Structure formats: structure tokens, C-alpha cells
Amino acid sequence: MNPALPCVISGMRPTGALHLGHFHGVLKTWVALQAEHDCRFFVADWHALTGASALPHDEAVYEMVVDWLAAGIDPERTTLFLQSRMPEHAELFTLLAMHTPLAWLERVPGFREKADQHPTYGLLGYPLLQAADILAHKGEWVPVGQDQAAHLELAREVARRFNHRSGRQLFPMPQARFSDAPRLTGLDGQKMSKSAGNAIGMRESPASVHAKLRAMPTDPQRVHRHDAGEPERCPVWALHAVITPSDDRADLAAGCRTAGIGCLDCKGALADRIVAQQAPWRERAAALEPKQVHWLMEVGTERARAYARKTLREVREVLSFQAEA
Ligand code: SF4
């Protein structure tokens, strides 16, 4: 944690072990940001309660954090913490709620549709809790997907209103850091996701990676080995496009179009790439002890709380509440 650097804050719902879509969509960016930012990444276990029928398991939290560390998140430089251990986020959420017009929350895209399924106050307040997560740390950069742009805009509006009413620039305006990573295609050609059952895990065994790729559908017009194919029609190619370097891709594409290679050769090359990428992740994860992971989260949560406490003291002072002794 280096408060002299610009603060980046982001969270992830605890869904257990992560897959390649998480790595290429989010984690790769998180790892890169650590070099020049004060990064705080948290387990968004309160957010996971929104509309959920069951509480997140400790095991799901643990497996996800192991994958963060396996990917290269460095707990010496980056603060990792649990949202549910941060009462300051809940307090700031409450204080911000007092000044946030209901209409701002009701117009967040997707709210009306989701409210039909989960008509809860938590769903309505979800983007405001996200704003509190960011503002409690005075976050300046927030890595988000385009689907979260409206949530970040709400955080900016809330910060702007608070600053204006208090006459102090207490909160910086958080900026979106959009990922340019394409959505990773899953084994069925649709977006990779755990719930769709089409994912390859970050720490999946090499044998399983090879087996899953062998079973993937290919260009439907390439029925026989001697048929020429077209990579752009093939779901396997969508994975090559993200994972395989461009020189190798050019050779594979030529081989596909001239029937110079078979689909099993092409899938084998992809599986080898994935297995090689996973090797350091598996190695780092194998070296971690459960106690060590829990300890890292404890230390990170205390560090994060110290910072959020300071912000909340300033907020209370602005609102003229009696400061903590
Ligand atoms: S050779 Fe590769 S890109 Fe071409 S159809 Fe087969 S799996 Fe798809």
C-alpha cells in the first residue's frame, strides 16, 4: 500500500475458483495495475448477497483469493480485503444514502428488470454500496466493464454532490478504467462462465484442458480432415485469438484454410498454450498454505480499515458528527 500512488479499487464476488475468462477479463489488468498504483482489491461478499438464495461459502472466498495470488497479485504491494469486515463501507453507504435521490438509483440500467425477480432494498442500494466501496478509499481509478459504466457514473454523481454540499473536495472523482480485453469464448462458443458450464479453470489439470478442447465444436463446414475450414466460423479460433501469439495464429489459420492441419492439431496447439500459461499459476497456488492465505487477508483487511477509518473521520467531521475518540 503506497498512498502516494493513485488509488485503484475493485472487487469481485466470491464465486470460488476462477476460470480463464476471469484471468483475461479482469485479473490480467489487476496484475498490471500493481506496478504504478496503490491497488486495493476486495472480496465483494456483501454484493454477493444481492438476490442470492445462499450465503457465499468460506471455501469460495478462499479459492478465489488463491487464484488472485496465483495470477500474480502481490500482497506486499497490493491490499487485499474482505468487504464484510469493513463496517466503514456500511457506514458511508448509510450516510451517502441520506443525500442520494431515489430517482438516481431507480434509473440505473437493469434495475427495473432485476427488481421483478428480486424486489429488495439491497438491489436498489447496490450501486450506492459500490459508490461507498470506492469513496471510502478515495479511489481514483476503477477497473470496470462497459456494463458497469452507469454504476461508476452514479459514484461520481454521489461524490460530486457530497463535495458540493460540504464545500470541500473530500472525494476525488473516480474514473473508469475500461478493459480492452475481449470477452473470452467458452467451450460452447458462448461467453465463458462458470454457470454455463463452458469454462476452463485457471488451475484445471493439463489432462482435463486437453480433453475439454478435444470435445469442442469447430467450423461446422469442416466435416472431414481434408475439408478446408474457415477460422472465423470456428469457436476454437475465438480462444486462439486471445491466447495464441499472432505469428503462430497466422500459421494455424493458413493450415486450417488449406486443410494442411487437422482440427485436433489446432486444438492441441491451443491446449499446449493454455497449459503453459497455467503452469506458474499452479506452481504459486501449490506453494500457498491455507493459514498463510487467511493471514494475508487479515493483514490486508486491517490495512484497508485503517485507511477507510481515516476517510470516515473526515466525513463525520464534515457532517458535524462527533468524531471517534
Ligand atoms: S483447424 Fe482450428 S480453426 Fe480450423 S476449423 Fe479446425 S479447430 Fe477450427
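Residues numbered from 1 in each chain as written. Predicted model: local features only at pLDDT ≥ 70, side-chain atom pairs only at ≥ 80, totals over all residues. Heavy atoms only, no water.

Per an unreviewed UniProt entry, the chain carries the name Tryptophan--tRNA ligase and comes from Inhella crocodyli.

S.K.: Residue-level account of the pattern of salt bridges, with values.
M.R.: With the rule as written, the count across this model stands at 18 salt bridges. When the shortest N-O distance is used, the salt bridge between Glu157 and Arg107 registers 3.2 Å. Taken together, the positions of Glu157 in helix 7 (residues 149-166) and Arg107 in the loop between helix 4 (102-106) and helix 5 (111-117) put the pair 50 residues apart, joining distant regions of the chain. The partner of Glu314 in a salt bridge is Lys310, and the shortest N-O contact between them spans 3.8 Å. Of the two residues, Glu314 and Lys310 both sit in helix 12 (residues 290-318), four residues apart, roughly one turn of that helix. By relative accessible area, Lys310 is classed as partly exposed at 42%. A cluster of three or more residues bridged by salt bridges with shared partners is formed by Glu63, Asp67 and Arg203. (Salt bridge = Lys/Arg side-chain N within 4 Å of Asp/Glu carboxyl O. Helix = DSSP H or I, 4+ residues; strand = E, 2+ residues; numbered from the N terminus. Buried < 20%, exposed > 50% of the residue type's maximum accessible area, 1.4 Å probe, protein only.)

S.K.: Mind laying out the domain arrangement of the chain, listing which residues take part and the relevant values?
M.R.: When the domains of the chain are assigned, the result is domain 1 (7-183 + 290-318) and domain 2 (206-284). Placing a centre on the C-alpha atoms of domain 1 and another on those of domain 2 gives a separation of 36 Å. Summing both partners gives a buried area of about 660 Å² for domain 1 against domain 2, and 71% of it is carried by carbon and sulfur. For domain 1, the biggest contributors to the area lost against domain 2 are Leu20, His24 and Ala70; these three give 66% of the whole. Scanning the region where domain 1 abuts domain 2 turns up zero salt bridges. Counting across the interface, domain 1 meets domain 2 through two residue pairs in polar contact (both at pLDDT 80 or more). Only helix 1 (20-33) and helix 2 (58-71) provide two or more residues apiece to the side of domain 1 that touches domain 2. Classifying every residue of the side of domain 1 that touches domain 2 by side-chain character gives six nonpolar, two polar and no charged. (Domains from an automatic or database assignment. Buried area = accessible area lost by both parts, 1.4 Å probe. Polar contact = N/O pair within 3.5 Å; in protein donor to acceptor, adjacent residues only side chain to side chain. Nonpolar A, V, L, I, M, F, W, Y, C, P; charged D, E, K, R; others polar.)

S.K.: Account for the packing of helix 6 (residues 121-135) against helix 7, naming residues and giving values.
M.R.: With their axes 9 Å apart at the nearest point, helix 6 and helix 7 run at an angle of 65° to one another. Here helix 6 and helix 7 pass one another in a crossing that is right-handed. On helix 7, the residues that touch Tyr126, Pro127, Leu128, Gln130, Ala131, Ile134 and Leu135 of helix 6 are His151, Leu152, Leu154, Ala155, Val158 and Ala159. Class assignment for the residues of the contact of helix 6 with helix 7 results in 11 nonpolar, two polar and no charged. (Axes fitted to C-alpha atoms, helices over the stretch in contact; angles between N-to-C directions. Left-handed = near helix turned anticlockwise from the far one by under 90°. Contact = heavy atoms within 4.5 Å.)

S.K.: Tell me about the nonpolar core, and name the residues and values.
M.R.: Side chains of a nonpolar character, in soluble globular proteins, are inclined to be buried together. With 50 residues, the main nonpolar core has Leu27, Trp68 and Leu213 as its most contacted residues. Considering every element that reaches this core, the biggest residue donor is helix 2, with nine residues. Counting only domains with at least three residues in this core, you end up with domain 1 (7-183 + 290-318) and domain 2 (206-284). Residues contacting Trp68, with those up to four places away along its chain left out, are Met12, Leu18, Leu27, Trp30, Phe41, Phe42, Val43, Ile73 and Leu80. (Core = buried A, V, L, I, M, F, W, Y, C linked by side-chain atoms within 4.5 Å.)

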